[in-house]
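Chain by chain, the residues:
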Amino acid sequence: MKITIAKSEKEFDCIAAWQIIGEILNKPEAVIGLSTGRTTGNLHRMVGEIYSCYPFNTSAVTFFGLDEVVNVPREYAGACYTMLKTEIIDALGIKDENFLMLPTVSDDFGKACRAFQEEIAKRGGIDLLILGLGENGHLGFNQPHSPLGGDAWVTKMNPELEERIRRETHTPPEKELGGVTLGIKNIMQARRIVLVAKGSNKAEAVKQMLEGPVTSDVPASVLQLHPDCEFLLDVASAAKLSEK
Ligand SMILES: N[C@@H]1[C@@H](O)[C@H](O)[C@@H](COP(=O)(O)O)O[C@@H]1O
């Protein structure tokens, strides 16, 4: 288990950005999964900035989003599709066919989930997955008590996030919101994972993830069992760890 504690925000973003760039330089046709949120926005933008100064070949790389918000327009600023497009995908000139996302709207999410998994498999599986961490230990939209052997599925989001998205999208209470996400089994099948967490609000989840038992109460704890997972933390999120 490799734990890296960055000393500044810049160092944090730089380490993560170079994980993505290094993967592409090493394997131009790599399949790379990204997460959205406050933790990853700046590191995504840093990849774009480095690319604009020192362009590298991005024509064969596939990017995909780990999860998506259900029942909102894809163009909504808080939809993962739009976040990733504006933070990194457009900056790297990635073609539409090489940017895979689960849909925000579908008549058959089960079918969409299977198609998404199949497309990733067809491209050779996940080479690198950058994972964010929820305050309650969630991965993607796999909340506590999600099946550890699960495939991609439609599930719930945490109530605070749901409340914010409902407000921002003017979604009426009778319309259900949710999240669609790769399952924990799919996540564990990635060849390499970098889990990124920063801020004191993540400190308890980081402790549970790294020092607690492997349990579906804390989905991220399953990463203890992954053969190639690096945990990139900042000083605040690492503050509750007993061994540094
Ligand atoms: N569905 C997303 C996750 O993919 C993300 O990793 C997590 C952390 O977000 P943040 O970095 O904003 O704390 O939040 C959301 O729930």
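Here the residue numbering is sequential within each chain, running from 1 through the sequence in written order. Selection of residues for local features in this predicted model requires a pLDDT of at least 70, selection of side-chain atom pairs for listing and counting requires 80 or more, and totals for whole chains, interfaces and linings are taken over all residues. Excluded from the side-chain calculation are hydrogens and water; included are all heavy atoms of the structure.

### Digging into the side chain of Gln143
Part 1 of the reasoning: Helix and strand definitions here come from DSSP, where helices need a minimum of 4 consecutive H or I residues and strands a minimum of 2 consecutive E residues; each element is numbered from the N-terminal end. Relative to the assigned elements, Gln143 resides in the loop between strand S6 (128-131) and strand S7 (153-155).
Part 2 of the reasoning: Burial classes follow relative accessibility: with a 1.4 Å probe on protein chains only, a residue under 20% of its type's maximum area counts as buried, one over 50% as exposed, and anything between as partly exposed. When its relative accessible area of 11% is taken as the criterion, Gln143 is described as buried.
Part 3 of the reasoning: A distance of 3.3 Å separates polar atoms of two side chains, one belonging to Gln143 and the other to His138.
Part 4 of the reasoning: Contacts are assigned to residue pairs with any non-hydrogen atoms lying within 4.5 Å of each other. Leave out the neighbours within four places in its chain, and Gln143 touches Asn136, His138, Lys156, Met157, Asn158 and Pro219. Polar contacts, as used here, are pairs of N or O atoms within 3.5 Å; protein pairs need one atom able to donate a hydrogen and one able to accept it. Residues neighboring in sequence count only if both atoms are side-chain atoms.

### Comments concerning the site of the ligand
Part 1 of the reasoning: Throughout this document, a residue counts as near a molecule or strand when at least one of its heavy atoms sits within 4 Å of that molecule or strand. Around the ligand, a shell composed of Thr36, Gly37, Arg38, Thr39, Asp67, Gly132, Leu133, His138, Gly140, Phe141 and Lys202 is seen.
Part 2 of the reasoning: Contact distances for the ligand include 2.5 Å between an oxygen atom and a side-chain N or O atom of Thr39.
Part 3 of the reasoning: A distance of 2.8 Å separates an oxygen atom of the ligand from a polar side-chain atom of His138.
Part 4 of the reasoning: In this description, accessible areas are obtained by the Shrake-Rupley approach with a 1.4 Å probe, and a residue is regarded as covered only by the protein chains that are shown. About the coverage of the ligand: the protein hides 89% of its 390 Å² of free accessible area.
Part 5 of the reasoning: For each structure, a 1 Å grid was placed over the protein atoms alone; sets of points admitting a 1.4 Å probe that cannot get out are labelled cavities, open sets with protein on both sides within 12 Å along at least five of seven lines are labelled pockets, and lining residues have an atom within 4 Å of a point. A molecule is said to be in a cavity or pocket once over half of its atoms fall within 2 Å of that pocket's grid points. Using a 2 Å cut-off from the grid points, one finds that the ligand occupies the largest pocket.

### Focus: the sheet that holds S7
Part 1 of the reasoning: Two strands qualify as a pair provided DSSP detects at least 2 bridges between them. Read from one edge to the other, the open sheet built from 3 strands follows the order S4-S8-S7, with strand pairing classed as antiparallel. Bordering the open sheet on either side are strand S4 (67-70) and S7, each of which pairs with just one other strand. Each strand axis lies, on average, 25° off the axis of its neighbour in the sheet, ignoring direction.
Part 2 of the reasoning: Two strands pair when backbone bridges link them, and S7 and strand S8 (residues 178-181) are joined in this way by 3 bridges, in the antiparallel orientation. In the sheet register, Val154 faces S8, and the bridge partner there is Val180. Structural elements are reduced to axes, namely lines fitted to C-alpha atoms, with helices fitted over the stretch in contact, and the angle between N-to-C directions of any two is expressed from 0 to 180 degrees.

### Overview of the packing of aromatic side chains
Part 1 of the reasoning: A pair of Phe, Tyr and Trp rings is counted when the ring centres sit within 6.5 Å of each other, with Trp represented by its six-membered ring. The angle between the planes then sorts it: under 30 degrees is stacked, over 60 is edge-to-face, the rest tilted. Tallied over the full model, the rule gives 3 aromatic pairs.
Part 2 of the reasoning: Measuring from centroid to centroid gives 5.1 Å for Tyr51 and Phe56, while their planes differ by 85°, and the two rings are edge-to-face. As far as the burial class goes, Tyr51 and Phe56 line up, both buried.
Part 3 of the reasoning: With 6.0 Å between their ring centres and 80° between their planes, Phe64 and Phe116 make a pair best called edge-to-face. Taken together, the positions of Phe64 in strand S3 (residues 62-65) and Phe116 in helix H4 (residues 109-122) put the pair 52 residues apart, joining distant regions of the chain. The exposure classification of Phe64 matches that of Phe116, with both residues buried.
Part 4 of the reasoning: If you follow Arg74 out to its NZ or CZ, it ends over the ring of Tyr81, 3.8 Å from the centre. Here, a charge over a ring means that NZ of Lys or CZ of Arg falls within 6 Å of the ring centre while also lying within 35 degrees of the ring normal.

### Examining the layout of surface pockets
Part 1 of the reasoning: Empty space within the largest pocket amounts to approximately 830 Å³.
Part 2 of the reasoning: As for the largest pocket, its lining consists of 30 residues, and the residues nearest its centre are Thr36, Gly37, Arg38, His138 and Leu161.
Part 3 of the reasoning: Only helix H2 (38-53), S4, helix H3 (80-89) and helix H5 (159-169) provide two or more residues apiece to the lining of the largest pocket.
Part 4 of the reasoning: Looking at the lining of the largest pocket element by element, the count peaks at 4 residues for H5. Grid points are joined across faces, edges and corners, and a volume is the space filled by probe spheres set on the points.

Shape descriptors only; they carry no functional weight alone.
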